[in-house]
Amino acid sequence: MLKSTLIRAAEAGAAVMQKYFQGEFKISNKEGVNNLVTEADHASEKAIFEIIKNDFPDHFILSEEAGEIVMDSSYKWIIDPIDGTVNFAHGIPLCCVSIGVEQDGEMILGAVYNPFIKEFFFAQKGYGATLNDKKIAVSKEASVGSACLVTGFPYSYLDQPNGPLNVFDRLIRKGVPVRRLGSAAMDLCWVAAGRFDGFYEHKLSAWDSAAGFLIVEEAGGRVSDFTGGRYSPYQPHIIATNGKIHDELVEVVNGRHPGF
Ligand code: IPD
Ligand code: CA
Ligand code: CA
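Residues numbered from 1 in each chain as written. Chains lettered and ligands numbered in written order. Predicted model: local features only at pLDDT ≥ 70, side-chain atom pairs only at ≥ 80, totals over all residues. Heavy atoms only, no water.

### Considering the site of ligand 1
Step number 1: Around ligand 1, the surrounding shell holds 16 residues, and the nearest of these are Asp83, Gly84, Thr85, Ala184 and Glu201.
Step number 2: Between ligand 1 and Gly182, the relevant distance is 3.3 Å, taken from an oxygen atom to a main-chain nitrogen or oxygen of the residue.
Step number 3: For ligand 1, an oxygen atom lies 2.5 Å from a polar atom in the side chain of Glu201.
Step number 4: Within the complex, 94% of the 380 Å² of free accessible area of ligand 1 lies under protein.
Step number 5: The leading source of residues in the shell around ligand 1 is strand S5 (residues 75-83), at three residues.
Step number 6: Among the domains, domain 1 (2-135) and domain 2 (144-253) are the pair contributing at least three residues each to the shell around ligand 1. (Near = heavy atom within 4 Å. Polar contact = N/O pair within 3.5 Å; in protein donor to acceptor, adjacent residues only side chain to side chain. Areas by Shrake-Rupley, 256 points an atom, 1.4 Å probe, with all protein chains shown as cover. Helix = DSSP H or I, 4+ residues; strand = E, 2+ residues; numbered from the N terminus. Domains from an automatic or database assignment.)

Printed below as a string of structure tokens:
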């Protein structure tokens, strides 16, 4: 039941995205510069909530636009109704719905659905990860120097040592391709599918990574904070890789790698 609710909820959110995409919709600014929210984000969230609340009215919900619906439950749904809102608002089809389900503090299910390129990523703890129902696995690249990476930049950027531009600069100067899709959930899924060898970002929220980090782990990858320690979606830093380049990328991000 949990799995089918999750899939229906992701599909419901995605259907709303498709309805609004490239049409007319209201766009407003949240806190910070160019931190957008559209009418579609709220409508997608509403459609997702309807499915979850109908099936599991007593579950806890954490969602980007609505905040927390606090319930005394061991289950928590962590929702990003549109990840990649800036792309969405510009008619760029790199955006998705992302939903993770936690049980007693452990992520057990994740779904990321981009209806525009028809990619549905799914993972269940201990059962692997899939793209459109086919098993996926991370890449085999063993060195950062020959890797293809992806990152994102926070809306509010502080120019600090080992900050986002600093790390980006370090990699780019050595000729390492570092892409920027504009959707952390997609970045993670594309690591899981072996398209990227690694992803790092300095300031994510729980709803950006909840589903995607489980999908990477279940595809055989590794996800950590910037110390290389166990990942929690409730802190801002993330490094997600195929596992083979992980320790090396941790050194690069922390400015300790002699080659970068
Ligand atoms: C954003 C995207 C982006 C990341 C930002 C997120 P939103 O989410 O995931 O890739 O760099 O930090 O906030 O606002 O489009 O849901
Ligand atoms: Ca997001
Ligand atoms: Ca969002």
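After that view of the structure, there is still more to cover.
### Let's talk about the sheet that holds S5
Step number 1: Here eight strands make up an open sheet; going across it, the order is S4-S3-S5-S6-S7-S8-S9-S10 and the pairing mixed. Only two strands of the sheet have a single neighbouring strand rather than two, namely strand S4 (67-69) and strand S10 (134-135).
Step number 2: Note: strand S9 (residues 129-131) against S10, two bridges, orientation antiparallel. Of the residues in S10, the one forming a bridge with Thr130 is Lys135.
Step number 3: Along the sheet, helix H6 (residues 206-218) makes contact with strand S3 (60-63), S5, strand S6 (96-103), strand S7 (106-114), strand S8 (119-124) and S9, crossing S7 at roughly 100°. (Pairing = 2+ DSSP bridges. Contact = heavy atoms within 4.5 Å. Axes fitted to C-alpha atoms, helices over the stretch in contact; angles between N-to-C directions.)

### Things to note about the coordination of the calcium ion (ligand 2)
Step number 1: Coordination of the calcium ion (ligand 2) by the protein is provided by Asp80 (OD), Asp83 (OD) and Asp208 (OD), with metal-donor distances spanning 2.1 to 2.2 Å.
Step number 2: Mapped onto the sequence, the residues coordinating the calcium ion (ligand 2) show the spacing D-x2-D-x124-D.
Step number 3: Metal-to-metal, the separation of the calcium ion (ligand 2) and the calcium ion (ligand 3) is 3.7 Å; Asp80 coordinates the two. For the pair formed by Asp80 and Asp83, the shared burial category is buried. (Donors = N, O, S within 2.8 Å, 3.2 Å for Na, K, Ca; no water. Buried < 20%, exposed > 50% of the residue type's maximum accessible area, 1.4 Å probe, protein only.)

### Points about the nonpolar core
Step number 1: The biggest cluster of nonpolar side chains holds 37 residues, and the ones touching the most others in it are Val112, Phe121, Ile136, Phe199 and Ile215.
Step number 2: Listed by contribution, the elements that provide at least two residues to this core are S7, S8, S9, helix H5 (184-192), H6 and strand S15 (238-241).
Step number 3: Discounting chain neighbours no more than four positions away, the residues touching Phe121 are Gly110, Ala111, Val112, Thr130, Leu131, Ile136, Cys189, Trp190, Ala193, Arg195 and Ile215.
Step number 4: Membership of the second largest hydrophobic core comes to 32 residues, among which are Ala9, Ala12, Phe25 and Phe56. (Core = buried A, V, L, I, M, F, W, Y, C linked by side-chain atoms within 4.5 Å.)

### Topic: the pattern of salt bridges
Step number 1: Applying the stated criterion across every chain, the model contains nine salt bridges.
Step number 2: Asp55 serves as the salt-bridge partner of Arg8, at 2.7 Å between the closest nitrogen and oxygen. Placement of Arg8 in helix H1 (residues 2-20) and of Asp55 in helix H2 (residues 39-55) is noted, with a sequence separation of 47 residues between them.
Step number 3: Residue classification places Arg8 among the partly exposed residues on the basis of a relative accessible area of 34%.
Step number 4: The partner of Glu106 in a salt bridge is Lys125, and the shortest N-O contact between them spans 3.9 Å. Placement of Glu106 in strand S7 and of Lys125 in the loop between S8 and S9 is noted, with a sequence separation of 19 residues between them. (Salt bridge = Lys/Arg side-chain N within 4 Å of Asp/Glu carboxyl O.)

### Quick notes on the packing of aromatic side chains
Each aromatic ring pair is characterised by the separation of its centres together with the angle its planes make.
Step number 1: Following the criterion strictly, the structure yields nine aromatic pairs and no others.
Step number 2: With a centroid separation of 6.4 Å and 75° between ring planes, the pair formed by Tyr20 and Phe25 is classed as edge-to-face.
Step number 3: The exposure class assigned to Tyr20 is buried, which follows from its relative accessible area of 15%.
Step number 4: Look at Phe25 and you get buried, because its relative accessible area is 15%.
Step number 5: Ring pairs connect the aromatic residues Tyr20, Phe21, Phe25, Phe88 and Phe116, which therefore count as one cluster. (Phe/Tyr/Trp six-rings, centres within 6.5 Å; stacked < 30°, edge-to-face > 60°.)

Functional significance is not addressed by these values, which are geometric in nature.
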